[in-house]
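Chain by chain, the residues run as shown.
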Amino acid sequence: MRYKVFGKTGLEVSELCLGTWGIGGAGWDQNPEETKMDAIRASFEQGVNIFDTAPAYNAGAAERILGETLEKMGVRKDVILSTKCGNDFVNGQYVHCGKRDHILAQCDASLRNLRTDYIDLYILHWPQDDATPEETLGAMMELKKAGKVRFLGLSNHSVAQMEEAAKYADIDFIQVQYSMLEREREVEMKYAEAHGMATMGYGVLGGGLLTGRYRELRTYETMDSRNRFYKFFREPGWSKAQKLLGVMDEISAARGGVPLSEIAVNWALQKSFLTTALFGTQHRARAIENCHALDWTLSDADIATLDQALVEFGI
Ligand SMILES: NC(=O)c1ccc[n+]([C@@H]2O[C@H](COP(=O)([O-])OP(=O)(O)OC[C@H]3O[C@@H](n4cnc5c(N)ncnc54)[C@H](OP(=O)(O)O)[C@@H]3O)[C@@H](O)[C@H]2O)c1
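Report on the accompanying structure.

Reading the values: the criteria
- Residues numbered from 1 in each chain as written.
- Predicted model: local features only at pLDDT ≥ 70, side-chain atom pairs only at ≥ 80, totals over all residues.
- Heavy atoms only, no water.
- Buried < 20%, exposed > 50% of the residue type's maximum accessible area, 1.4 Å probe, protein only.
- Helix = DSSP H or I, 4+ residues; strand = E, 2+ residues; numbered from the N terminus.
- Arc of directions from axis to C-beta.
- Contact = heavy atoms within 4.5 Å.
- Axes fitted to C-alpha atoms, helices over the stretch in contact; angles between N-to-C directions.
- Left-handed = near helix turned anticlockwise from the far one by under 90°.
- Nonpolar A, V, L, I, M, F, W, Y, C, P; charged D, E, K, R; others polar.
- Near = heavy atom within 4 Å.
- Polar contact = N/O pair within 3.5 Å; in protein donor to acceptor, adjacent residues only side chain to side chain.
- Areas by Shrake-Rupley, 256 points an atom, 1.4 Å probe, with all protein chains shown as cover.
- Pairing = 2+ DSSP bridges.

Section: helix α11 (residues 284–291)
Moving on, step 1. Looking only at α11, the buried set comprises Ala287, Asn290 and Cys291. All buried residues of α11 fall inside an arc of 100° around its axis, so they share one side.
Moving on, step 2. In the core, the buried residues of α11 are packed alongside β3 (16–19), α2 (33–45), α10 (260–269) and β12 (276–280).

Observations concerning the packing of helix α4 (residues 100–114) against helix α5 (residues 133–145)
Moving on, step 1. At their nearest, the axes of α4 and α5 sit 8 Å apart, and the two run at 35° to each other. Helix-helix and strand crossings are classified by hand; for α4 and α5 the assignment is right-handed. Counting all contacts with α4, which are made through Arg100, Ile103, Leu104 and Cys107, the residues of α5 involved are Glu135, Thr136, Ala139, Met140, Glu142 and Leu143.
Moving on, step 2. Class assignment for the residues of the contact of α4 with α5 results in 6 nonpolar, 1 polar and 3 charged.

Section: the site of the ligand
Moving on, step 1. Surveying the vicinity of the ligand reveals 33 residues, the closest of which are Asp52, Gly207, Tyr230, Gly280 and Thr281.
Moving on, step 2. With respect to the ligand, the backbone of Gly208 contributes an N or O atom lying 3.2 Å from an oxygen atom.
Moving on, step 3. Contact with the protein chains hides 96% of the accessible area of the ligand, taken as 900 Å² for the molecule alone.
Moving on, step 4. Those elements giving two or more residues to the shell around the ligand turn out to be β12 and α11.
Moving on, step 5. A breakdown of the residues in the shell around the ligand according to their chemical character gives 11 nonpolar, 17 polar and 5 charged.

Observations regarding the pairing of strand β8 (residues 119–124)
Moving on, step 1. Taking burial as the measure, the 6 residues of β8 include 6 buried ones, the bulk of the element.
Moving on, step 2. Where strand β5 (residues 80–85) lies against β8, 4 bridges are found, and the strand directions are parallel. What sits directly across from Cys85, in β8, is Leu124.
Moving on, step 3. By the bridge criterion, 5 bridges tie β8 to strand β9 (residues 149–155) in an arrangement that is parallel. Paired with Ile123 across the strands is Gly153, a residue of β9.

Okay, here's the thing in structure tokens:
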């Protein structure tokens, strides 16, 4: 594992972060709880020291599984916990909830679920539409002053929204989608880097597509994240992504069959403006595989080949 300083916070984080959206159990494949807990254990054993979750990941279920696993391992003080507010999962739907009372109550619920008395990284999950930035971020600052959360971040915000938020709260980092298939947020990541903020890039595996495990187009249930959230599981993105997998296959073959997931992680982590890359898995073996990406680096020629493919295929 490799580690980086997490921007102005001074925290030292692993360059890979385990995300727990799938572990929550809604919108992804179903697996036994023990399997999911083992994925968390394996990530920690590989040197991952930062874990991302949210109340919206199946109404607190992901937080509860993460909290229970870390408590059983007795490693709370050795890890950095990242969770979110302002978004929830109610009756099978994602809802915004940025009002002050909700943010305060949501934080207390997260502390209970995570079995801890402080949250290291506390993130506004999405820009709000039911409260002003002043109200939502003001509530988050109250939590920081009360010592319930240590550092505040923004997820899925534009630069203009980041600048507005900075009027009401100390923002130390951002979390945005970042992978070979999704590079629109490079603008915000470069802005963050220039202002000393850390960046968390989620979906580094393109929701699993960049591992090469999906080679046939199929449909998913309405609320499945491969239908609802990661657009390259549908046309026109699907065909473009399949062409990219062909290029990744060639790089893999030239490197003795290295897994495509490692190529995807490597490509992202070779960017200076990415502090830590978030991957999600419910499986021990896949967590270990993804962490092996840090045992080697892509050559400049490999990166150029991939970047050229992204342009050529219109990704
Ligand atoms: N802030 C936000 O708005 C936001 C949005 C999305 C995600 N996130 C965070 O970012 C984390 C990561 O993103 P993500 O989980 O959505 O997407 P991801 O990491 O790009 O992809 C997850 C998918 O990849 C599969 N996978 C992982 N490693 C694999 C491997 N080596 N071989 C084959 N398949 C593999 C997983 O399957 P299995 O689980 O079956 O192994 C899962 O289906 C989330 O868990 C969450 O914490 C944040």
